[in-house]
Structures are given as C-alpha cells and as structure tokens.
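A structural walkthrough
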Amino acid sequence: MSWMRKISLGVRMALILFVPSLAFVVVLGSLFVHQSHRELDEASLARGRAIVSFLGPAAEYVLVSGNPVALDSLMARALAQAEVAAVAFYDADGELLGVAGQGLVGLPSAARIVEADEVVVEARGGRLQFATAVLSLAPQVDDYSTPQQALRTERLGWVQVDLDVTAREAAKRRLLLVVVAAVLVVLVGALAMAWRLARSVGLPVAALVKAVRRMASGDLDVRVSAQSTSEELRALEAGFNAMADSIAHSQQTLQARIEEATAQLAHQARHDPLTGLPNRRAFEESIEQAVSIHRRAGDVVTLLYIDLDRFKPVNDTCGHAAGDRLLRELAGLLRARLRAQDHVFRIGGDEFAVILRGCGREDAHHIATALCDAVAAYEFVCAGRSFKVGASIGMARMEGMINDVSAVMQAADQACYEAKHAGRGRVIEYQRSSD
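This one's a predicted model, so the numbers in the text were calculated from it and none came from an experiment.

To continue, consider the pairing of strand S11 (residues 390-397). The element S11 is largely enclosed, with a buried count of 8 among its 8 residues. On S11, burial covers both faces: Gly 390, Ser 392, Gly 394 and Ala 396 on one face and Ala 391, Ile 393, Met 395 and Arg 397 on the other are all buried. Bridge count for strand S6 (residues 301-309) against S11 is 8 bridges, and the pairing is antiparallel. Looking at the pairing, Leu 308 lines up with Ala 391 of S11. As judged from the 3 bridges shared by S11 and strand S12 (residues 427-429), these two strands associate in the parallel manner. Bridging across to S12, Met 395 finds its partner in Glu 429.

Here it is in structure tokens:
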C-alpha cells in the first residue's frame, strides 16, 4: 500500500502494534462477556429447574390431599426463593388449582402443560417459565391393594414456576457497558503508548494471544507469566491472570452450587419430607439389593409391614397437622428401636416397612413384637386429649419359595392383612399354605 510508504517507521510500528492490540482486547472482552452471559443464563436455568424439580415431589402430598392450606404454604415457600415471580399448580386434567405471585406471563395452554412429563422451559415476557409433572412416587397402600397396584406411578398434576429475569438482563447490559468502557480505555492507552512499546510488545502479546486461544478452547487454567520489561504490559498480564482467575472461580462456584442442588434433590427424591425416613422409592431399591445379597451370599432377609391402627381418629379429631406430628414421632420411635443394620421406611400414609438383615426367626419376632408393643404403649397428647394407637405387623422371611422381591413383599402384605383382621395390635408371620 502506497500510503504506508509515506508515514514514518514509528507510526508504522505503532499501527502494527495497535491493530493486534485492538483484536486482542476485543477478543478478550467478547470472551469475558460471552462467558459471563452464559454463566448467568445457565445459573437461571439451573435455579429454575432445581426449584420446579423440588416442587414436583414436594407437591405430591398437597395434590393427593387437596389441602388448600398446604397448597398456599407450598406456594409461599416457592415465592420466597430468589427471582421467583409466580407459581401455579394444576390438577391431573390440567385445570388450575392455585396461583400465587405477580401473575403468570403468557400462561401456556393446558394441552402443553398436560403433555409435560419432564421439565418444560419457555421464555416469555422477561420471564423464564418452568413446568413439570407431579408424579405419585409413594402412593398410599390400603389393606386390599396388591403389590402391582402399590407400585403403580400416577400423574397427579403439574407445577409451573416463573422466574423474573429482568434483573439478569439488566446485569448483562451493565456488564456489557463496563466491558465496552474498559476496552475503549485500554485501546486509547494502547494507541498513546504504541510507539514506546513497539520494540518490547511482540513476545508478551504473542503469549497473551496464545493464552486467549487456550481459554477460548476451554482451558480455564491457563495463565501468563508477568516477565515483560514494560510495566504496562506486566499490568496487562496481571489483569489477564486476574480475569482468568475470576472466570475460573465463577465456574467452580457455579459447579459447586449445581452439585449441591443435585445432591439435595437426590436426597429429597429418596426421603419422605414429613418424617425424614427413606420413602417408597428407597424401600424398593433396598429390598432389591437385599434380595440380590440373599441370592449371592445366603443372607436371610426379614421384611416387616407395619400398618398403624386407630390413626384416623387423630386426624378426624385434631386435624391433619396433629396426624403429621404423630407420624413424625412414631417414625422416631420405630427408628430408635432398631439395630444399626436395620432400616425403616415410610411407604404410605400410615404404613411403614422394616428390612431386617442377618436376623434369626426368634430375633425377628422379638424385634417385631417390641415395635408393636412400643407403638401400643405410646401416648399421643393433642389439645388436652390423649390418644392410643397401635400397629398391625406382617412378617415375611426370605427363604424357601419366598426368594424374590415380589414374593417377599406379597407375603409380608398378606401377613399384615391377617394381623389387621385378626384383631389388630399383633405380629403375624406369613405361613405358606401346604396346598
């Protein structure tokens, strides 16, 4: 180009230095903005999914019981979460049961909500909408239910949560303005000092460009050594390292929060929120594992089905809150009277299951009888009234023809049924008929 020949070498070197500096700063700023925006978007998505996935299992009891107070309480707890603008629940037919918050923006059609089995995410009107199905993972089992019916999963309804992302978008705009301003300041400074830095800028810039490329490829551990003879370049290298540290720290923090939320959701998916005991899903996994160990090592497994007696009068007289308190107290009572290797589960409304490992028949009878006596002796006081409940316990041992999950569960259920109809408050072991 002829115009390049008309300018001095200093200006030419300054231009040669300035153009790569311009590209470097723009790339670095764009990378920072892109990475930060993506982290904000992923954080909102992760938060919304975590909240709606938590509300799904938590809403199971509410949709089954139809308790409006519990529904309002659950919606209030959801609205207390950061960025949550609105929450709504639907029944199994897609009809709205309750809504709280600042109103649902662009309410999805009932048909779309009804079709949702996994988490559905939509962006509308400055909000992120999340919807998921509420599944019955631990249905109540009455005295006449078969194990196949007890294991059936039903869709009880749906939950929808709106996150207000206007603050996130404002943060994105502020971040962009700050980065643009910083880029302009850096470029003006680079242009002013280009001639002075022309002789010493080559290698440091090359190292920084290489580091940027590695960062763009996903290597967030890349750093540059601040060994430049120029104080300004050393400051730029230190700034790059600080920015890289900030990005890496943000990613680690976000990953830690995601792992924490995942662990919390995994715990909630396998535990009863009322009593803190493992739920029916955990029971099914544990009994399958116990059967596998029995077949491999011959370990004798004893299964107890516990059905509370005279529990309904507590609910009818003092309300469901008192019934919930009684269930929590009885759960602690059962857990305290078991050995370290035994496990108790809440598998239904007022039904529990106990898995005894490495336990002889006499010891199993002794443990079951002790549990039955402890429940019968327990006195529950509410509103000045005293209540006595009991427990009918069915016991089945995995031996002989009872050697799989279905057989031992069916045997324990039948024994519990016999205990219930033989006068309640007793332990009956399943006896296989001779015919």
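Take the packing of helix H10 (residues 280-297) against helix H14 (residues 405-421) next. Any two packed helices are characterised by the angle at which their axes cross and by the distance between the axes. Running from N to C, H10 and H14 cross one another at 120 degrees; their axes reach a closest spacing of 10 Å. Taken together, the axes of H10 and H14 are oblique relative to one another. As for how H10 packs across H14, the hand of that crossing is right-handed. Taken together, the residues of H14 that come into contact with H10 (itself represented by Arg 280, Phe 283, Ile 287, Glu 288 and Val 291) are Val 405, Val 408 and Met 409. Taken together, the residues that form the contact of H10 with H14 break down as 6 nonpolar, no polar and 2 charged.

Peptide bonds are, in most cases, trans, and in most cases residues other than glycine have a negative phi. Phi at Arg 310 is positive, roughly 55 degrees, even though this residue is not glycine. Here Arg 310 shows up in the loop between S6 and helix H11 (312-318). Among the residues examined, Arg 310 registers a relative accessible area of 43% and is labelled partly exposed.

Here we come to the packing of aromatic side chains. Applying the stated rule across the entire model yields 2 aromatic pairs. Centre to centre, the rings of Phe 283 and Tyr 305 are 6.4 Å apart; their planes meet at 55 degrees, and the pair counts as tilted. Placement of Phe 283 in helix H10 and of Tyr 305 in strand S6 is noted, with a sequence separation of 22 residues between them. The exposure class of Phe 283 is buried, given its relative accessible area of 0%. Taken together through their ring pairs, the aromatic side chains of Phe 283, Tyr 305 and Phe 345 make up a single cluster.

Further remarks concern the environment of Arg 426. As for its position among the elements, Arg 426 is in the loop between H14 and S12. Distance from Arg 426 to Cys 372, taken between C-alpha atoms, is 6.6 Å for residues 54 residues apart in sequence. Excluding anything up to four places from it in sequence, Arg 426 contacts Cys 372, Ala 391, Ser 392, Ile 393 and Ala 419.

Moving on to the pattern of salt bridges. The final tally for this structure, using the stated rule, is 12 salt bridges. Between Arg 270 and Glu 285 there is a salt bridge whose closest N-O contact spans 2.8 Å. Of the two residues, Arg 270 sits in the loop between helix H9 (231-269) and H10 while Glu 285 sits in helix H10, which places them 15 residues apart along the sequence. Taking the relative accessible area as the measure of exposure, Glu 285 reaches 40% and is therefore partly exposed.

This part takes up helix H12 (residues 320-336). When the terminal C-alpha atoms of H12 are compared, their 24 Å separation across 17 residues agrees well with the 24 Å that a helix rising 1.5 Å per residue should span. Along H12, the residues that are buried comprise Ala 322, Gly 323, Asp 324, Leu 326, Leu 327, Leu 330, Ala 331, Leu 333 and Leu 334.

A surface patch of nonpolar side chains, about 260 Å² in accessible area, is lined by Leu 176, Val 180 and Leu 184. Structurally, the position occupied by Leu 176 is in helix H7 (residues 166-197).

Let us look at the packing of H12 against helix H13 (residues 361-377). Where H12 meets H13, the axes come as close as 10 Å, and the angle between the chain directions of the two elements is 145 degrees. Crossing geometry of H12 relative to H13 is assigned as right-handed. Where H12 abuts H13, its residues Leu 330, Leu 333 and Leu 334 lie against Leu 371, Ala 374 and Val 375. Among the residues forming the contact of H12 with H13, the class breakdown is 6 nonpolar, no polar and no charged.

If you trace the 5 strands from one edge of the open sheet to the other, you get S7-S8-S6-S11-S12, paired in mixed fashion. Because the sheet does not close on itself, it has two edges, and the strands there are strand S7 (343-346) and S12. Taken over all neighbouring pairs, the strand axes of this sheet differ in orientation by 20 degrees on average, direction set aside. The strands that H13 touches are S6, strand S8 (351-357), S11 and S12; relative to S11, the one it contacts most, it runs at about 165 degrees.

Quick notes on the rules
- Residues numbered from 1 in each chain as written.
- Predicted model: local features only at pLDDT ≥ 70, side-chain atom pairs only at ≥ 80, totals over all residues.
- Heavy atoms only, no water.
- Buried < 20%, exposed > 50% of the residue type's maximum accessible area, 1.4 Å probe, protein only.
- Helix = DSSP H or I, 4+ residues; strand = E, 2+ residues; numbered from the N terminus.
- Pairing = 2+ DSSP bridges.
- Axes fitted to C-alpha atoms, helices over the stretch in contact; angles between N-to-C directions.
- Parallel < 35°, antiparallel > 145°, perpendicular 65-115°, else oblique.
- Left-handed = near helix turned anticlockwise from the far one by under 90°.
- Contact = heavy atoms within 4.5 Å.
- Nonpolar A, V, L, I, M, F, W, Y, C, P; charged D, E, K, R; others polar.
- Phe/Tyr/Trp six-rings, centres within 6.5 Å; stacked < 30°, edge-to-face > 60°.
- Salt bridge = Lys/Arg side-chain N within 4 Å of Asp/Glu carboxyl O.
- Expected span 1.5 Å × (residues − 1).
- Patch = residues over 30% accessible without salt bridge, like charges linked within 9 Å, V, L, I, M, F, W, Y side chains within 5 Å.
- Areas by Shrake-Rupley, 256 points an atom, 1.4 Å probe, with all protein chains shown as cover.

In short, the description is geometric, and any link to function would need to be established separately.
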